[in-house]
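Listed below are the residues making up each chain.
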Amino acid sequence: MTMICERCYAPIGEGESLVRLAHIDHAHPDGSVTWAYAYVHVTVCATPRPAPHERPDTGAWDAARGIGGYRT
């Protein structure tokens, strides 16, 4: 089963430290409870910055695009 971190939505690797959170999904008329589980990394979640070749090309800054040309 692939576990997804509820904070960063990244997969939690095999052997990686995690916390399992239990939430009540719903209660049945007989008093029993169905649980829903969520998983989060123990360490701080940080989305890795994409490599330079994976970033979008935004081009060079053109001063005409800003509001600076309209200032007096």
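The coordinates are above.
All of the points below concern the structure found in this document.

Observations concerning the overall build of the chain
On a plain count of helices and strands, the chain comes out with zero helices and four strands. A buried classification covers 11% of the 72 residues belonging to the chain. When contacts within the chain are restricted to residue pairs at least 6 apart in sequence, long-range pairs at least 24 apart make up 37% of them. Within the structure as shown, the chain displays about 6,400 Å² of accessible surface, and the carbon and sulfur contribution to it stands at 56%.

Here's the deal with the pairing of strand β4 (residues 33-41)
Judged from the nine bridges that link them, strand β3 (residues 18-27) and β4 form a sheet pairing that is antiparallel. Across the sheet, the residue bridging to Ile24 is Trp35, located in β4. What sits between the antiparallel neighbours β3 and β4 is a turn of five residues, in which Gly31 has the positive phi angle 100°.

Examining the nonpolar core
Generally speaking, nonpolar side chains in soluble globular proteins are found buried as a group. Grouped together as the largest cluster of nonpolar side chains are five residues: Met3, Cys5, Ile12, Tyr39 and Val40. Excluding residues that lie within four positions of it along the chain, Tyr39 makes contacts with Met1, Met3, Ile4, Cys5, Glu6, Ile12, Leu18, Val19 and Arg20.

Notes on unusual backbone geometry
The phi dihedral of Tyr9 is positive, around 60°, even though this residue is not glycine. Tracing the backbone shows Tyr9 in the loop between β1 (3-4) and β2 (11-12).

Brief notes about the side chain of His41
Take His41: it is sitting in strand β4. For His41, a relative accessible area of 7% corresponds to the buried category. Side-chain polar atoms of His41 contact the side chain of Glu16, separated by 3.2 Å. Beyond its immediate sequence surroundings of up to four residues, His41 is in contact with Cys5, Arg7, Cys8, Ala10, Pro11, Ile12, Glu16 and Ser17.

Rules and cut-offs
- Residues numbered from 1 in each chain as written.
- Predicted model: local features only at pLDDT ≥ 70, side-chain atom pairs only at ≥ 80, totals over all residues.
- Heavy atoms only, no water.
- Helix = DSSP H or I, 4+ residues; strand = E, 2+ residues; numbered from the N terminus.
- Buried < 20%, exposed > 50% of the residue type's maximum accessible area, 1.4 Å probe, protein only.
- Contact = heavy atoms within 4.5 Å.
- Areas by Shrake-Rupley, 256 points an atom, 1.4 Å probe, with all protein chains shown as cover.
- Pairing = 2+ DSSP bridges.
- Core = buried A, V, L, I, M, F, W, Y, C linked by side-chain atoms within 4.5 Å.
- Polar contact = N/O pair within 3.5 Å; in protein donor to acceptor, adjacent residues only side chain to side chain.

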